[in-house]
Amino acid sequence: MRRSRARVVVVQVLVVALFATLLARLWYVQVVGGDEYQARAENNANRQVVVQPQRGLVVDAMGRALAANRVTWVVTVDRSRLTRLDPEEQTEVLGRLATLVDLKYDVLLDRIKLCGEEGAPEPPVCWNGSPYEPVPVAQDVPSDVALSLSERAEEFPAVAAEQRSVRAYPSPEGVNAAQLLGYVSPITADEYDAARASDDETLNAASVVGRAGVERSYDADLRGVPGTTGKSVDSHGRVIAEGDAVDPEAGSTLVTSIDARVQALAETQLEKAIKKARTTHDDVTGRDYEATAGAAVVLDPDDGRVIAAASYPSYDPQVWVDGITDRQLKALYADDSGTPLLSRVTQAQLAPGSTWKPFVAAGALEDRWDTGSRLNCSSGLQVGNRWFKNYESASYGPIGFDQALSVSCDTFFYRIAYEAWMEQGGSEADTDVHDPLVEMARAFGFGERTGIDIPGEASGRIGDRQWRQDYWKANKDRYCKIAAKPEKVKSAYLRLFAREFCADGYVYRAGDAVNFSIGQGETLVTPLQLATAYAALANGGTLYEPRVGKAVLAADGSVVRDIAPKKAGRVPVTKKHLKYIDDALLDTARTGTMAWKMGGFPLDQVKLRSKTGTAEVTGRQTTGWVASYDDNYVVVMMMEQGGTGSGSSGEAVRAIWEGLYGIKDGKVHRDQALMPDGRPPKTLPRVASDGKILAPVSPRKKDDR
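Since the model is a prediction, treat every value here as computed from it, not as a measurement. (Residues numbered from 1 in each chain as written. Predicted model: local features only at pLDDT ≥ 70, side-chain atom pairs only at ≥ 80, totals over all residues. Heavy atoms only, no water.)

Student: Hey, could you run me through the overall build of the chain in this one?
Tutor: Of regular secondary structure, the chain possesses 23 helices and 29 strands. Out of the 705 residues belonging to the chain, those deemed buried represent 51%. Of all intrachain contacts in the chain linking residues separated by at least 6 positions in sequence, the fraction that spans at least 24 positions is 68%. For the chain, the accessible surface area stands at approximately 33400 Å², while carbon and sulfur atoms represent 50% of it. (Helix = DSSP H or I, 4+ residues; strand = E, 2+ residues; numbered from the N terminus. Buried < 20%, exposed > 50% of the residue type's maximum accessible area, 1.4 Å probe, protein only. Contact = heavy atoms within 4.5 Å. Areas by Shrake-Rupley, 256 points an atom, 1.4 Å probe, with all protein chains shown as cover.)

Right, dumping it as structure tokens:
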């Protein structure tokens, strides 16, 4: 009995202790921690929904929209909510959704997989954003489908349909400009984490980020600042009330120096010339020209602004916005499709051929030659054990620099370069020896990036003594191994090359020097570099960093930031020699290598200077170049494996000039020019009270020189 009573007492004590503990805890929660837990409860009932800002417009110099936005219905899947369902229910929900939005189940599943997780496809097909942000799986969804999703919410947990602003490329005047504009894609998890770490409020888990072109280089201006909308929800996540909101701040407008009409003309003429070349017989190879790729550039020489930059082949930038497929992605990177993502304007590196000669002439004239010098333009020149022929022109006998430029005489420049090479010490000279031709090429910006405000620019290459030395050091081990065991290599040519390269591949020979003088050999340039250098000839010697961006505007039209032209330096050429070269290049279109394409062109009104170039490439057909300019424009066109410069691109370059000045039937009609009065505008577009962007008030006025 006593033992039973003791047990009862123990139980009673335990019960009292439990109640005391419970009461103490209740008092603590309600009194001591009441405020904290009330705040947590309120947070559980409130959700902050991010409101994405409108991405800023990209417009041309006349205010035409090159990149804009459109509103569309987008279907999203919330991964965090989806994973709370059991696997069978997940499959059922995604199956119903795939049927509703007309997607294959596997495609839908790929789109919601996180990039990098097991079984996920490569970006951008997989979801590269935050795992906690709803994943867009379909856009441009019909409104009735979006309404059906809203009405049948119980059948589609973790699925939502909402209106979003997405990027659009309206193609004014039929313009493409894909490599100039670039594209956008969702922010990656790493970028999102970096933005949070740096307290960057302009980015969130659902942001899109510029990936190429001006979309990337001016992304910070274009992206805007997200807003938020507070929503009160019940225990099932249903919205029961709207809370406080912070309006999003739209991105700024980027005004570019591009003119859509000139850009469209450059693209059209480039494509037309390439397609024509593909039906033209190449007597050297015995087949039609392949004409694999090309580029066209139009610059304003007064400030280096880019008016047009066409690259072929190209692609539709809209393909990224609408959700790119595996097939489309492979095509963009495929060699057999011409790698259209590559901008031939800024990234193609090719031998410049005879378009190089004006800069060699400048180097020679500033060194030991003068405008009265005359050298033999023979049919060829023996240099060492090799005969170097006169590729583009016949034998003219003794001529000066002016005629050598207009008729593009190779042997004239061979003699200049060979004498310079001998004077420097020939093959025994040090890599830092004074070389006036190389130094002048560097002064015109070759061998370095131009500094254009578009990412991914290539630097080109100057094939001088230093490059030869560096190349040998980087590759000698490979070729010396081949030379040591030649029996392991089938190619007789490779065995011979390896033995010679291993022994003295660092030697800068006379053949290297003469090839350099006509833009052959190891020297490579981009079309933009060549256009920038010719702009320096056109404006009297100032080298500019080319610019696509012109200004950043706020929503009310006020200027947030001017994007001023930047001088890269002055070329070390006297005014006398610049004028001499300038006058010589006038004759190219009149009596030289461009004359056969310029019949009936009003050369008395448009003082066109030009230079053609044809670069031979081992194992490939020739690369053709035309570089031309007057006081207002520089126009350069390049075609890979398309034949001679004037033969491949002469007609297209002429057509661009005709558009720039409204030339019809051999007469200039400035009122019909692509730009007002036939000149690039200097003033900015205007923003009306309703937000519409209008053309500049008036174009720049400039008297003909």
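Student: Please explain the pairing of strand 23 (residues 609-617) as it appears in this structure.
Tutor: On a regular strand, each side chain points to the face opposite its neighbour's, so the side chains alternate between the two faces of the sheet. For strand 23, the tally of buried residues reaches seven of nine residues, placing the bulk of the element in the interior. What sits between strand 23 and strand 24 (residues 620-629) in their antiparallel hairpin is a turn of two residues, with G619 showing a positive phi close to 80°. (Pairing = 2+ DSSP bridges.)

Student: Could you clarify how one ought to interpret the environment of V166 in this entry?
Tutor: Tracing the backbone through its elements, the reader meets V166 in strand 5 (residues 159-168). Taking relative accessible area as the criterion, V166 reaches 10% and is therefore assigned buried. Setting aside residues no more than four positions away along its own chain, V166 makes contact with A68, N69, R70, T72, Q139 and V321.

Student: Sorry if this is basic, but what is going on with the pattern of salt bridges here?
Tutor: Pairing between side chains of opposite charge can happen when the charged atoms of each approach one another. Under the criterion given, the structure shown has 37 salt bridges. Across the salt bridge formed by D303 and R305, the nearest N and O atoms sit 3.5 Å from each other. You'll find D303 and R305 in the same group, each marked buried. The residue D582 makes a salt bridge to R609 at a minimum N-O spacing of 2.9 Å. Note that D582 is positioned in helix 22 (residues 575-590) and R609 in strand 23, a separation of 27 residues in sequence. Look at D582 and you get buried, because its relative accessible area is 12%. One salt-bridge network, in which partners are shared between bridges, spans R55, R167, D200, E215, D219 and R223. (Salt bridge = Lys/Arg side-chain N within 4 Å of Asp/Glu carboxyl O.)

Student: How should I be thinking about the sheet that holds strand 24 in this particular structure?
Tutor: Each strand in a sheet pairs with its neighbour through backbone hydrogen bonds, running either in the same direction (parallel) or in the opposite one (antiparallel). Strand order in this open sheet of five strands is 14-13-25-24-23, and the pairing throughout is antiparallel. Two strands close off the open sheet at either side, each with one partner strand: strand 14 (305-312) and strand 23. When strand polarity is set aside, the average angle formed by the axes of neighbouring strands in this sheet is 10°. In this structure, strand 13 (residues 293-300) lies alongside strand 25 (residues 634-640), joined through seven bridges in antiparallel fashion. Its bridge partner being in strand 25, A293 is matched across the sheet by E640. Of the strands in this sheet, strand 23 and strand 24 are in contact with helix 22, which crosses strand 23 at around 75°. (Axes fitted to C-alpha atoms, helices over the stretch in contact; angles between N-to-C directions.)

Student: Help me out: how do you make sense of the state of the cysteines in this one?
Tutor: Simply put, the disulfide is a covalent bond whose two ends are the sulfur atoms of two cysteines. What the rule picks out here adds up to three disulfides. Taking only the cysteines that form disulfides and numbering them from first to last, the chain has the pattern 1-2, 3-4, 5-6. (Disulfide = S-S within 2.5 Å.)

Student: Looking at this model, I keep getting lost on the packing of aromatic side chains. Mind explaining?
Tutor: Scanning all chains against the criterion turns up 22 aromatic pairs. Ring centres 5.6 Å apart and planes at 70° place the aromatic pair F388 and Y414 in the edge-to-face group. You can see F388 sitting in strand 17 (residues 386-389) and its partner Y414 sitting in helix 16 (residues 410-423), a full 26 residues away along the chain. With respect to burial, F388 and Y414 carry one shared label: buried. Taken together, the aromatic side chains of W356, F359, F444, F446, F516, Y534 and Y629 make up a single cluster linked through ring pairs. R96 extends its terminal NZ or CZ atom over the ring of F156, reaching a point 5.9 Å from the ring centre. Over the ring of W596 we find K597; its NZ or CZ atom is 4.1 Å from the centre of that ring. (Phe/Tyr/Trp six-rings, centres within 6.5 Å; stacked < 30°, edge-to-face > 60°. Lys NZ or Arg CZ within 6 Å of the ring centre and 35° of its normal.)

Student: Whenever I open this one, the environment of R211 confuses me. Can you help?
Tutor: Topologically, R211 is positioned in the loop between strand 7 (208-210) and helix 9 (213-217). On the basis of relative accessible area, R211 is assigned to the partly exposed category, the value being 21%. As a C-alpha pair, R211 and L181 span 30 residues in sequence and 9.8 Å in three-dimensional space. In this structure, R211 is in contact with Y183, V184, S185, P186, I187, T188, E191 and R216, ignoring residues within four places of it in sequence. At a separation of 2.9 Å, a polar atom in the side chain of R211 contacts the main-chain carbonyl oxygen of P186. (Polar contact = N/O pair within 3.5 Å; in protein donor to acceptor, adjacent residues only side chain to side chain.)

Student: When you look at the packing of helix 14 (residues 357-365) against helix 22 in this model, what are you seeing that I'm missing?
Tutor: Angle between the axes and distance between the axes are the two parameters that describe a pair of packed helices. Two numbers describe how helix 14 lies on helix 22: the axes approach to 10 Å, and their chain directions differ by 145°. Seen along the crossing, helix 14 lies across helix 22 with a hand that is right-handed. Taking contact as the criterion, the partners of P358, A362 and L365 in helix 14 are, on helix 22, H577, Y580, I581 and L585. Residues belonging to the contact of helix 14 with helix 22 are distributed by class as follows: six nonpolar, one polar and no charged. (Left-handed = near helix turned anticlockwise from the far one by under 90°. Nonpolar A, V, L, I, M, F, W, Y, C, P; charged D, E, K, R; others polar.)

Student: Sorry, what's going on with unusual backbone geometry here?
Tutor: Glycine aside, a negative phi is what most residues show, and trans is what most peptide bonds show. Cis peptide bonds are those with omega within 30 degrees of zero, and the linkage from Y312 to P313 qualifies with 0°. Relative to the helices and strands, P313 is located in the loop between strand 14 and helix 12 (318-321). Of note, the phi angle at A291 is positive, near 40°, even though the residue is not glycine. Checked against the element boundaries, A291 lands in the loop between strand 12 (287-288) and strand 13. In the Ramachandran plot, S408 falls in the positive-phi region, its phi being about 60° despite a non-glycine side chain. Structurally, S408 can be placed in the loop between helix 15 (401-406) and helix 16.

Student: Would you mind showing me how to read the confidence of the model for the chain here?
Tutor: When pLDDT drops low, the exact placement of atoms in the prediction is not to be read closely. In this model, the chain carries an average pLDDT of 89, and 89% of its residues clear a pLDDT of 70 or more. In this model, residues 699-705 is a region of pLDDT below 50 whose contacts with residues beyond four sequence positions or in other chains number 23 contacts. (pLDDT = per-residue confidence, 0-100.)

Student: Hey, could you run me through the nonpolar core in this one?
Tutor: Generally speaking, a soluble globular protein has its nonpolar side chains buried in company with each other. F401, F412, F444, F446 and Y534 are the most contacted members of the largest nonpolar core, which has 100 residues in total. The residues touching Y534, leaving out its near neighbours within four places in the chain, are T355, P358, F359, L585, K611, A627, Y629 and V634. (Core = buried A, V, L, I, M, F, W, Y, C linked by side-chain atoms within 4.5 Å.)

Student: Just to check I follow, could you spell out helix 19 (residues 492-504) for this structure?
Tutor: Every α-helical turn comprises 3.6 residues, leaving residues that sit three or four positions apart pointing alike. With 13 residues, helix 19 extends 19 Å between its outermost C-alpha atoms, agreeing within 8% with the 18 Å of an ideal straight helix rising 1.5 Å per residue. The backbone nitrogen of Y493 has a side-chain oxygen 3.4 Å away, supplied by the residue at the start of helix 19, namely S491. (Expected span 1.5 Å × (residues − 1).)

Student: Mind showing me how you'd approach a negative patch on the surface here?
Tutor: Taken together, the side chains of D86, E88, E89 and E92 present a region of like negative charge at the surface. Within the secondary structure, E89 sits in helix 4 (residues 87-100). (Patch = residues over 30% accessible without salt bridge, like charges linked within 9 Å, V, L, I, M, F, W, Y side chains within 5 Å. Lys, Arg positive; Asp, Glu negative; His and termini not counted. Charge placed at Lys NZ, Arg CZ, Asp CG, Glu CD.)

Student: Sorry if this is basic, but what is going on with the environment of L108 here?
Tutor: Within the secondary structure, L108 is located in helix 5 (residues 105-112). Separated by 18 residues in sequence, L108 and C126 have C-alpha atoms that sit 9.8 Å apart. With residues up to four places along the chain from it excluded, the contact list for L108 reads L94, L97, A98, L103 and V137.

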